[in-house]
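Residue strings, one per chain:
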Amino acid sequence: DVKVTQSSRYLVKRTGEKVFLECVQDMDHENMFWYRQDPGLGLRLIYFSYDVKMKEKGDIPEGYSVSREKKERFSLILESASTNQTSMYLCASSALGGGLGEQYFGPGTRLTVT
Amino acid sequence: AQSVTQPDIHITVSEGASLELRCNYSYGATPYLFWYVQSPGQGLQLLLKYFSGDTLVQGIKGFEAEFKRSQSSFNLRKPSVHWSDAAEYFCAPGAGSYQLTFGKGTKLSVIP
């Protein structure tokens, strides 16, 4: 069974803290994605990666960075968390790039910044 | 620019009734088309996808969707809804040069 795991289901952080969200996939997929999901806004793409050490900005990259040192792991970093980054964060992976392939999603991390 | 519209934010149906969730897209060319479902507290799961060929595609859990090029639509249907279908549904077109664009979702409630 394919698996995308995220390091935490729930996370509470203070304003200004550096926050790391980790995602691991076991399907040997080239492509990995980070989305944030907010009520009424659907999923918005933050960053994606099509290979180790490669990254591309999505639609809303401001305030975020990413790291992909190994194929199976893709990290989302909030350099200085702010309250407007309170959201559900979803990681996904895909064998095919662009909008061609099925994406497999992790269960999500609900981040609250106080 | 590519875009996708799910006109219905929230739909309520009775168990056993039929269901149709609407999806319209705007793309430079015919995109690949996906429907995902998100149960409460879960990540998204693929229901079905359309790449080419037969415009009526079958998915998991008894769902189907029909691609209509002339209407730029890819509506999701189910003949008889079960209480376990209560979830949020997302339409997502994509193409080789573009990432998936997710609609804002339609939340489905099912009355027993």
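Above this text sits the structure in question.
Before going into details, it helps to say that this report is about the structure given with it.

The next thing to look at is the overall build of chain A. Of the regular secondary structure elements, chain A holds zero helices and 11 strands. From first element to last, N terminus to C terminus, chain A shows the α and β order β-β-β-β-β-β-β-β-β-β-β. Computed over C-alpha atoms, the radius of gyration of chain A comes to 13 Å, within 12% of the 13 Å expected from 2.2 N^0.38 for 114 residues, which places it in the range of a compact globule. Seen along its three principal axes, the alpha-carbon backbone of chain A occupies a region of about 35 × 30 × 25 Å. Looking at chain A residue by residue over its 114 residues, the buried ones come to 50%. Pairs at least 24 residues apart make up 55% of the contacts formed inside chain A by residues separated by at least 6 positions. Of the roughly 5,400 Å² that chain A leaves accessible, carbon and sulfur atoms contribute 50%. Separation between the mean location of the 15 positive side-chain charges and that of the 15 negative ones in chain A comes to 6 Å.

Here the focus is the overall build of chain B. When its secondary structure is counted, chain B shows zero helices and 11 strands. In sequence order, chain B lays out its α and β elements as β-β-β-β-β-β-β-β-β-β-β. In terms of overall dimensions, chain B has a C-alpha envelope of 40 × 30 × 20 Å along the principal axes. In chain B, which comprises 112 residues, the share counted as buried stands at 46%. Contacts in chain B between residues at least 24 apart in sequence constitute 53% of all its contacts with a sequence separation of at least 6. With the model as given, the accessible surface of chain B reaches about 5,400 Å², and the carbon-plus-sulfur share is 49%.

Glancing now at empty space enclosed by the protein. Residues and elements named next belong to chain B. Counted according to the given criterion, the structure contains one cavity of 30 Å³ or more. In this structure, the largest cavity spans a volume of roughly 40 Å³. Surrounding the largest cavity, Val-37, Ser-39, Leu-47, Lys-61, Phe-63, Ser-84, Asp-85, Ala-87 and Tyr-89 form its lining. Classifying every residue of the lining of the largest cavity by side-chain character gives five nonpolar, two polar and two charged.

Residue and element names in this part refer to chain A. If you trace the backbone, Gln-25 turns up in strand E3 (residues 19-25). A relative accessible area of 3% places Gln-25 in the buried class. A polar contact of 2.9 Å, which involves the side chain of Gln-25, links it to the backbone oxygen of His-29. Aside from chain neighbours lying at most four places away, what touches Gln-25 is Lys-3, Val-4, Met-32, Arg-68, Lys-71, Glu-72 and Ser-93.

The next subject is the packing of aromatic side chains. All names here are of chain B. For the coordinates displayed, the defined rule picks out 15 aromatic pairs over all chains. The interplanar angle of 20 degrees and the centroid separation of 6.5 Å between the aromatic rings of Tyr-25 and Phe-67 together place this pair among those described as stacked. One end of the pair, Tyr-25, is in strand E4 (residues 24-26); the other, Phe-67, is in strand E8 (residues 64-68), with 42 residues separating them in the sequence. Across the pair, Phe-67 and Tyr-25 agree in class, each one buried. With 5.9 Å between their ring centres and 75 degrees between their planes, Phe-34 and Phe-51 make a pair best called edge-to-face. Of this pair, Phe-34 sits in strand E5 (residues 32-38) while Phe-51 sits in the loop between strand E6 (44-50) and strand E7 (56-58), and the two are 17 residues apart along the sequence. The exposure class assigned to Phe-34 is buried, which follows from its relative accessible area of 0%. Of the residues examined, Phe-51 reaches a relative accessible area of 33% and is grouped as partly exposed.

The next thing to look at is the state of the cysteines. Residue and element names in this part refer to chain A. Tallying each qualifying case throughout the model produces two disulfides over all chains. The disulfide that involves Cys-23 links it to Cys-91, with 1.8 Å between the sulfurs. On the sign convention where negative means left-handed, the S-S torsion of about -75 degrees between Cys-23 and Cys-91 marks this disulfide as left-handed. Taken together, the residues Cys-23 in strand E3 and Cys-91 in strand E9 (residues 87-94) connect sequence positions 68 residues apart.

What counts and what doesn't
- Residues numbered from 1 in each chain as written.
- Chains lettered and ligands numbered in written order.
- Predicted model: local features only at pLDDT ≥ 70, side-chain atom pairs only at ≥ 80, totals over all residues.
- Heavy atoms only, no water.
- Helix = DSSP H or I, 4+ residues; strand = E, 2+ residues; numbered from the N terminus.
- Rg over C-alpha atoms; globule rule 2.2 N^0.38 Å.
- Buried < 20%, exposed > 50% of the residue type's maximum accessible area, 1.4 Å probe, protein only.
- Contact = heavy atoms within 4.5 Å.
- Areas by Shrake-Rupley, 256 points an atom, 1.4 Å probe, with all protein chains shown as cover.
- Lys, Arg positive; Asp, Glu negative; His and termini not counted.
- Charge placed at Lys NZ, Arg CZ, Asp CG, Glu CD.
- 1 Å grid on protein atoms, 1.4 Å probe; cavity = no way out; pocket = protein on both sides within 12 Å on 5 of 7 lines; lining within 4 Å.
- Points joined across faces, edges and corners; volume = space filled by probe spheres on them.
- Nonpolar A, V, L, I, M, F, W, Y, C, P; charged D, E, K, R; others polar.
- Polar contact = N/O pair within 3.5 Å; in protein donor to acceptor, adjacent residues only side chain to side chain.
- Phe/Tyr/Trp six-rings, centres within 6.5 Å; stacked < 30°, edge-to-face > 60°.
- Disulfide = S-S within 2.5 Å.

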